[in-house]
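Now for the letters of each chain:
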Amino acid sequence: MLHYRGSSRVMNQIDVELQSVVKRFGSFTAVDGIDLAVQCGQFVTLLGPSGCGKTTTLRMIGGLELPDSGRILVGGEPLATDGGASRPTRMVFQNYALFPHMTVAENVAFGLRMQKVPKAEIETRVKDIVALLGLTAHIEKFPRQMSGGQQQRVALARALVTRPRVLLLDEPLGALDLKMRKHMQHELKKLQREVGITFVYVTHDQEEAMNLSDTIVVMDHGLIVQQGSAAEIYQNPVNAYVADFIGEANLLSGVFRDGAGDRATAISPLGVLGGRLPESYRPSAGDHVLFSIRPEHVLIGQNTASLDFNKQGTLTEVAYLGGSSRLTLAVGDTTLRADVPGLFTAPAGEVVMFGWQAENVRILRHDARFTTPVA
Amino acid sequence: MRRDNVKIVLGIWTGLVLLFLFAPLIIVAIFSFNTSTISRFPLSGYTLSWYAKLFGDGMLREALWNSLIIAFATVVVSCSLGILAAVGIHRHGGRFTSGLRAFSLTPMMVPRLVIGIALLTFYNLIQIDLSLFTVIAGHIVMTMPYVILIALARLVGFEKTLEEAAWDLGASTFTIFREIMVPFLKPAIIAAGLMSFTLSFDEVVVTFFTTGRENTLPMMIWSKLRFGITPEVNAIATITVLISGLFAVIAELTLRRAQEKP
């Protein structure tokens, strides 16, 4: 069994800590004061669209960028800025950054040579890690003689063989095709469990993030918007940005009416709707709000009569997706998406009943990026 | 049918261009084997005596030897300094990159005659005796812009993440240069080396102004030309072409192998 610097630690120890970290490039603020604590042995994903500051954050943890202010601690110690082989983090780059003039074995051995590991030990450790990643048959090949997936494994092996405390991955699957990406997601998760060290992962792919992570950190414009498990974030998005980015959501504009605790009502183009508020948001009457309803919570058919809300709508599109069908409904000027299990047989143009339970509706802060016209 | 016609026309055209380029060299080589001292067809007979005469000529041997010393020294110094300069400009140039680039390439645009006169004036000013060293220094000034140009062109394709990856794995700046940058630059280093060798080996003007008593091969040719184009001159020229050509072939083969195996 391989021994990693992190593996003997207590699980709830903090491995990476960011305190009010700010990074600017000229007049652009890439990271705008974030605090983050990553527990030992966790798979944490920084998720967000390009330009949200996720890669800059990762590069700062890796020491490749220096924060303008704030502190970064890895293993409880401030990051050394002068490099050297004893640094606690290793990075897997988006384009792999394998050394083109070196074989797989030479690439993987590079970090160990820098650590001045004895030759005989380098040989066995390279052999072990290459075997773990299923690359033994390719050990004498050059990077360009290998497929993208294989190069990806070499990049992982090259970083892991040095036994880092934290492995940083910058969209490592971005260059692979869909099928290979799915396969490598599975492999990565397995690998992380086997080596037991902390992974900090960056992606813009919400499905990948949900698939891999213990904790997802959603970022927007250099700030952390929400963090938690995939289920927490999916079920209780703090705002419309998160609701829209993680999974899909029907977002409807509305005006707040009243509420008690997390139960509230607001006026929507479809009439008065009940829903739940996130913990951090308590609007007052007359405030502009957004409703978020997941497509799978929009139910179709006669049995919707007993739900908290129901109405008639016209089917405009029906698409069969294999496991489910995606329906598009028009209700006045409002368009709604609904996912129903299995094959849905009614044709487009038909008038159907739809509805939902109030507990599946989220009432969120108004956000101009997602506003739909109010009827 | 039309395609075939086009092919034939293109073939003939290519042949003419090659003939235009190489005919003078071939003619020089042919006359170097002529028994007559007058360069005129038909040849009066074949002989190797001009080559034998050349190799028997002590001054000529010394000139060849000087030319080789100058060329090798120029290659070594010009390449090491030029490559380092290119890496420096590429990596740390910042907003001065294009300015530094243009500035370091200027000697290439300046006429050799001006470089020669400037060097001579400079040597006089700092009171250095003219020798092989002053010639070598002059040739370095002349060839380094080419080295920088070739290296900078190659560096454009360098992925910065390779450096970052090496740094991330614990490599020092020097190790990154030696183990990542130099292998990447290898084709450029070879090309730059051969380029400066050829430039230096052929140079007359800069050598003329900067040399003391020592003579180089191209200078010999010049001085011998005072007595007209003799078969002896043709023989020297043929040898010069062969040496330059040999280096060009080596360069091509090395570059090709570098491309096949990174």
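None of the values given here were measured: they were computed from a predicted structure.

Help me out: how do you make sense of the overall build of chain A in this one?
Of the regular secondary structure elements, chain A holds 8 helices and 20 strands. Structurally, chain A occupies a C-alpha span of about 75 × 45 × 40 Å along its principal axes. Residue pairs at least 24 apart in sequence account for 69% of intrachain contacts in chain A once pairs closer than 6 positions are excluded.

Sorry if this is basic, but what is going on with the interface of chain A and chain B here?
Frequently, the measure chosen for interface size is the accessible area that the parts lose on association. Chain A puts 21 residues into the contact, and the matching count from chain B is 13 residues. Contributing elements (two or more residues each) for the side of chain A that touches chain B: β6 (89-92) and α2 (104-114) of chain A. Looking at the side of chain A that touches chain B element by element, the count peaks at 3 residues for α2(A). Looking at the side of chain A that touches chain B, its residues break down into 10 nonpolar, 8 polar and 3 charged.

Honestly, the domain arrangement of chain A in this entry has me stumped. Any pointers?
For chain A, the domain assignment lists domain 1 (14-235) and domain 2 (249-370). The straight-line distance from the C-alpha centre of domain 1 of chain A to that of domain 2 of chain A is 39 Å.

I would appreciate a short explanation of the confidence of the model for chain A in the present structure.
Caution applies to low-pLDDT parts of the model: their predicted coordinates are not meant to be read in detail. Mean pLDDT over chain A works out to 90, with 96% of the residues at or above the 70 mark. The weakest mean pLDDT in chain A belongs to strand β5 (residues 77-78) of chain A at 86; the strongest belongs to strand β3 (residues 43-47) of chain A at 96.

Can you help me understand the sheet that holds strand β17 (residues 324-331) of chain A in this one?
Within a sheet, each strand pairs with its neighbour through backbone hydrogen bonds, oriented either parallel or antiparallel. Residue and element names in this part refer to chain A. Read across the open sheet, the 5 strands follow the order β15-β19-β16-β17-β18; overall the sheet is antiparallel. The two strands at the open ends of the sheet, each matched to only one other strand, are β15 (299-300) and β18 (334-341). For β15 and strand β19 (residues 351-356), the ladder comprises 2 bridges, and the chain directions are antiparallel. Opposite Leu299, over in β19, you have Gly355 as the bridge partner.

Would you mind showing me how to read the sheet that holds β5(A) here?
Residue and element names in this part refer to chain A. Strand order in the open sheet formed by 4 strands is β2-β1-β4-β5, and the pairing between neighbours is antiparallel. Every other strand in the sheet has two partners, leaving β2 (28-39) and β5 as the edge strands with one partner each. Two strands pair when backbone bridges link them, and strand β1 (residues 14-25) and strand β4 (residues 69-74) are joined in this way by 5 bridges, in the antiparallel orientation. Residue pairing for β4: Leu18 is matched across the bridge by Ile72.

What is the right way to read the packing of helix α3 (residues 58-92) of chain B against helix α6 (residues 132-155) of chain B from this model?
The description of two helices packed together rests on the angle between their axes and the distance between the axes. Residues and elements named next belong to chain B. Contact pair α3 / α6: the axes reach a minimum separation of 6 Å and the direction vectors enclose 40 degrees. In this view, α3 runs oblique relative to α6, as classed from their interaxial angle. Seen along the crossing, α3 lies across α6 with a hand that is right-handed. When grouped by side-chain class, the residues that make up the contact of α3 with α6 number 20 nonpolar, 7 polar and no charged.

Got a minute to help me understand the packing of α2(A) against helix α3 (residues 119-132) of chain A in this structure?
All names here are of chain A. For the pair α2 and α3, interaxial distance at closest approach is 10 Å and the crossing angle is 125 degrees. Classified by the interaxial angle, the pair formed by α2 and α3 is oblique. You can see that α2 and α3 cross each other, and the crossing is right-handed. Touching Val104, Ala105, Val108, Ala109, Leu112 and Arg113 of α2 are Ile122, Arg125, Val126, Ile129 and Val130, all from α3. When its residues are assigned to classes, the contact of α2 with α3 shows 9 nonpolar, no polar and 2 charged.

Quick notes on the rules
- Residues numbered from 1 in each chain as written.
- Chains lettered and ligands numbered in written order.
- Predicted model: local features only at pLDDT ≥ 70, side-chain atom pairs only at ≥ 80, totals over all residues.
- Helix = DSSP H or I, 4+ residues; strand = E, 2+ residues; numbered from the N terminus.
- Contact = placed C-beta atoms within 7 Å.
- Nonpolar A, V, L, I, M, F, W, Y, C, P; charged D, E, K, R; others polar.
- Domains from an automatic or database assignment.
- pLDDT = per-residue confidence, 0-100.
- Pairing = 2+ DSSP bridges.
- Axes fitted to C-alpha atoms, helices over the stretch in contact; angles between N-to-C directions.
- Parallel < 35°, antiparallel > 145°, perpendicular 65-115°, else oblique.
- Left-handed = near helix turned anticlockwise from the far one by under 90°.

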